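Chains, contacts and geometry: an overview
Residues per chain, in single letters:
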Amino acid sequence: MRRTPEEIKTCVEDLLSRMTLEEKIGQMVQSAGADTTAIGGEVKTSPLEGLIAEGKIGSIIYMPDSAAMARRLQRIAVEKSRLGIPLIFCQDVIHGFQTIFPIPLGWSCSFDPNLVRRATEISAREATRAGVMLAFAPMLDIARDPRWGRISEGAGEDPFLDACMARAEVLGYQGGEGGQGLGDGEHMACCLKHFVGYGAAEAGRDYNTVEISPSTLHNVYLPAFQAGVDAGAATVMPSFNLVDGVSSAASPYVLQELLRKELGFDGVIISDYAAVFEVIAHGLAADEREAAERCANAGLDVEMATDLFNRELPQLVMEGKVPESLVDGAVRRILTLKYRLGIMDDPYLYMHEGEEEAAYLAPAHLEVARRLAQESAVLLKNDGAQGRKDRAGRPLRRQPGPAGPLAVLQARGPHRHAAPGPGGKGLHRAVRARDDHPRGARRRHQPRGQARARVRRRGPCRRRGHDHERRGRLPPGDLRARHPDGAGARGGRGGQARRRGRHLRPSPAARLVR
């Protein structure tokens, strides 16, 4: 059943009038779930089921990828809490759920917003089979410093291209302008992140401070968020970093002046992981109580992972340090989103037990993934640049495809948490299976005894990587000298020793980097 905006407003006001202060604040808390190993460090909380039954959780970061598990937790919220308000299940669905598409930095190279929109529609269809209702995507951070590790999640460095991709992704996840598809059980709410300037961290160091002029802020970093807001994005996530010396999650300027007033956003603002608690680390609050006060007064609607709101806001409201009207406004927006998602009328709308496998890796989905991968490919022309050569002057040849332990860990892309479904190989195994080269093609073709003898002659602590570095064949601190797939892994047991952390003698440059 689809409700009109007027009907939703009436229902929200009626429910809000029956809620206690503690129940209102509970809607403003997002639990990290039962298992946080995939997304961050462990967070100390009370037992999940008990908090749900007490109405002290409004949403959950959901990792099990099981519609049955989602239904079990939802049943607790609906049947055991006093008002029976259902939960929103959230997850990072960045560039695919089971069908994996190119990373956002890659698919932006297709310059095809319609194809990207189709990819996010498929992502939503697969994720909603497992109970996920909200995707923490798209990431709209302009990134111009290659040292920043999360550059892969965005569209790159161009504001216009970023804005085009932002609009396409919002329309794909949410099923059209203004979230037309929300409530149909096959589309999901999305979250614009990270507002604002997260990719401009000094020295490319994640979480680091940001210094942006008003002109750069408005001409470079805001256009993509404006495009996402105009397309109807349901939620926005503030960034971890400082803007003008204040953490975005605790900044009235960022959340109220820029986001609410200038961009016209009227949806839900969700903090990043433990960002409320990290206000203390930024030096903006002396303790948890002050951190909760600053974030609530700044206009933050939902606290992710930590529970400072549950513990501190009731007393702060009673003391008049946080107006209850601010709490009411936040809860009003949260309940409105739940009605738009359709879960207030059917709490189990997104729990499709038994239908997951039919939706995962469907032939039509794989065809879109293949096409987008083809369109995302970027060819570079070699105008005579000399490649690396071995000691004999021959060009170094590497086995095609991903290599090394990081290839296994990251072959499915950044922030990809869903467990592989039936038939899902992952990029690493798929390329290995198709490769015509034998597994040992990367090694030097020499008898094993020769390799060991060469290592012995050099001495126990002079593996190839260190020998190359000392002789100047690699730049000081070049990590390829000690990488499991670099020169040191090609003879004897040097690579194995290095993987175990032995025989490591970082150069002065490497020590400075660390």
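These lines cover the structure that appears in this document, whether it is placed above or below. (Residues numbered from 1 in each chain as written. Predicted model: local features only at pLDDT ≥ 70, side-chain atom pairs only at ≥ 80, totals over all residues. Heavy atoms only, no water.)

This part is about the overall build of the chain. Counting its secondary structure elements, the chain contains 22 helices and ten strands. Contacts in the chain between residues far apart in sequence, at least 24 positions, make up 76% of those at least 6 positions apart. (Helix = DSSP H or I, 4+ residues; strand = E, 2+ residues; numbered from the N terminus. Contact = heavy atoms within 4.5 Å.)

Glancing now at the side chain of Gln91. Note that Gln91 resides in strand E3 (residues 88-91). From its side chain, Gln91 meets the backbone oxygen of Tyr62 in a polar contact 2.6 Å long. (Polar contact = N/O pair within 3.5 Å; in protein donor to acceptor, adjacent residues only side chain to side chain.)

Most of strand E5 (residues 189-195) sits out of view: seven of its seven residues are buried. Pairing of strand E4 (residues 134-135) with E5, which is carried by two bridges, proceeds in the parallel orientation. Within E5, the residue paired with Leu134 across the bridge is Ala189. Read from E4 through helix H7 (residues 159-174) to E5, the crossover connection turns out right-handed. (Buried < 20%, exposed > 50% of the residue type's maximum accessible area, 1.4 Å probe, protein only. Pairing = 2+ DSSP bridges. Right-handed = clockwise from strand over helix to strand, strands pointing away.)

A few words on unusual backbone geometry. Between Lys193 and His194 the backbone carries a cis peptide bond, its omega angle lying at 0°. As for its placement among the helices and strands, His194 is situated in strand E5. In the segment running from Phe195 into Val196, the intervening peptide bond is cis, with an omega of 5°. Along the chain, Val196 falls in the loop between E5 and helix H8 (214-221). Positive phi, normally seen in glycine, also occurs at Phe111, with a value near 55°. Among the secondary structure elements, Phe111 is positioned in the loop between helix H5 (104-107) and helix H6 (113-129). Phi angles above zero are rare outside glycine, and Tyr207 is one such case at about 75°. According to the relative accessible area criterion, Tyr207 is partly exposed, its value standing at 37%.

Turning our eyes to something else, we now look at the sheet that holds strand E2 (residues 59-61). One open sheet accounts for eight strands, arranged E9-E6-E5-E4-E3-E2-E1-E10; its pairing is parallel. Each of the sheet's edge strands pairs with one partner strand only, and the pair in question is strand E9 (268-269) and strand E10 (303-305). Bridge count for strand E6 (residues 235-238) against E9 is two bridges, and the pairing is parallel. Counted as the bridge partner of Val236 is Ile269 from E9.

It is worth spelling out the nonpolar core at this point. The nonpolar side chains of a soluble globular protein tend to be buried with one another. Counting 125 residues, the largest nonpolar core has Ile52, Phe89, Leu134, Phe195, Phe309 and Leu341 as its most contacted members. When residues in this core are grouped by element, the largest group, eight residues, is from helix H14 (residues 324-341). In this view, Phe195 contacts Leu222, Phe225, Val236, Met237, Pro238, Ser239, Ser248, Val254, Leu258, Leu259 and Leu263; residues no more than four positions away in its chain are not counted. Core analysis: the second largest hydrophobic core is formed by twelve residues, Ile122, Ala155, Met165 and Ala369 among them. (Core = buried A, V, L, I, M, F, W, Y, C linked by side-chain atoms within 4.5 Å.)

Below, the discussion takes up the pairing of E3. Both faces of the sheet carry side chains from a regular strand, because those side chains alternate between them. Of the two faces of E3, the one carrying Ile88 and Cys90 and the one carrying Phe89 and Gln91 are both buried. Bridge count for E2 against E3 is three bridges, and the pairing is parallel. Each bridged residue has a counterpart across the sheet, and for Ser59 the counterpart in E3 is Ile88. Following the chain from E2 across helix H4 (residues 67-80) to the adjacent parallel E3, one finds a crossover that is right-handed. Relative to E4, E3 runs parallel, the two sharing two bridges. Bridge assignment links Cys90 to a residue of E4, and that residue is Leu134.

Let's shift gears to helix H16 (residues 363-376). Its 14 residues place the ends of H16 20 Å apart at the C-alpha level, agreeing with the 20 Å of an ideal helix rising 1.5 Å per residue. Along its buried surface, H16 packs onto H5, H6 and helix H15 (356-359). (Expected span 1.5 Å × (residues − 1).)

This brings us to the packing of helix H1 (residues 5-17) against H14. For the pair H1 and H14, interaxial distance at closest approach is 9 Å and the crossing angle is 130°. As the angle between them shows, H1 and H14 are arranged oblique. In the packing of H1 onto H14, the handedness of the crossing is right-handed. Facing Ile8, Cys11, Val12, Glu13, Leu15 and Leu16 of H1, the residues of H14 in contact are Asp328, Val331, Arg332, Leu335, Thr336, Tyr339 and Arg340. A class-by-class count of the residues in the contact of H1 with H14 yields eight nonpolar, one polar and four charged. (Axes fitted to C-alpha atoms, helices over the stretch in contact; angles between N-to-C directions. Parallel < 35°, antiparallel > 145°, perpendicular 65-115°, else oblique. Left-handed = near helix turned anticlockwise from the far one by under 90°. Nonpolar A, V, L, I, M, F, W, Y, C, P; charged D, E, K, R; others polar.)

Enumeration according to the criterion identifies six aromatic pairs in this entry. Between Phe97 and Tyr360, the aromatic rings sit 5.9 Å apart at their centres with planes inclined by 50°, giving tilted as the arrangement. With Phe97 in the loop between E3 and H5 and Tyr360 in the loop between H15 and H16, the pair connects residues that are 263 residues apart, well separated along the chain. Here Phe97 matches Tyr360 in class, with each residue buried. (Phe/Tyr/Trp six-rings, centres within 6.5 Å; stacked < 30°, edge-to-face > 60°.)

All right, on to the packing of H6 against H7 then. Direction vectors running N to C along H6 and H7 enclose 35°, while the axes themselves pass 7 Å from each other. Considering only the axes of H6 and H7, their crossing is right-handed. Every residue of H7 that contacts H6 at Pro113, Val116, Arg117, Thr120, Glu121, Ser123 and Ala124 is listed here: Cys164, Met165, Ala168, Glu169, Leu171, Gly172 and Tyr173. Residues of the contact of H6 with H7, tallied by class, amount to eight nonpolar, three polar and three charged.

If you check H4, its first and last C-alpha atoms are 19 Å apart, about what 14 residues at 1.5 Å a residue would give, namely 20 Å. Every buried residue belonging to H4 is among Ala67, Ala70, Leu73, Gln74, Ile76 and Ala77, and all of these are buried. In this structure, the buried side of H4 is in contact with helix H3 (48-53), E2, E3, H6 and H15.

For the structure shown, the criterion picks out 26 salt bridges. Note that Lys24 and Glu324 form a salt bridge whose closest N and O atoms lie 3.2 Å from each other. Here Glu324 lies in helix H14 and Lys24 lies in helix H2 (residues 21-27), a separation of 300 residues in the sequence. The class of Glu324 is partly exposed, set by a relative accessible area of 34%. As a salt-bridge pair, Glu79 and Arg75 come within 3.7 Å of each other at their nearest N and O atoms. With Glu79 and Arg75 both in helix H4 and four residues apart, this pair spans about one turn of that helix. Exposure remark for Glu79: the relative accessible area of 53% places this residue in the exposed category. Here Arg75 falls in the partly exposed class, since its relative accessible area comes to 34%. One network of salt bridges, with partners in common, ties together Arg125, Arg129, Glu186 and Glu355. (Salt bridge = Lys/Arg side-chain N within 4 Å of Asp/Glu carboxyl O.)

Any functional reading would require information beyond the geometric quantities listed.
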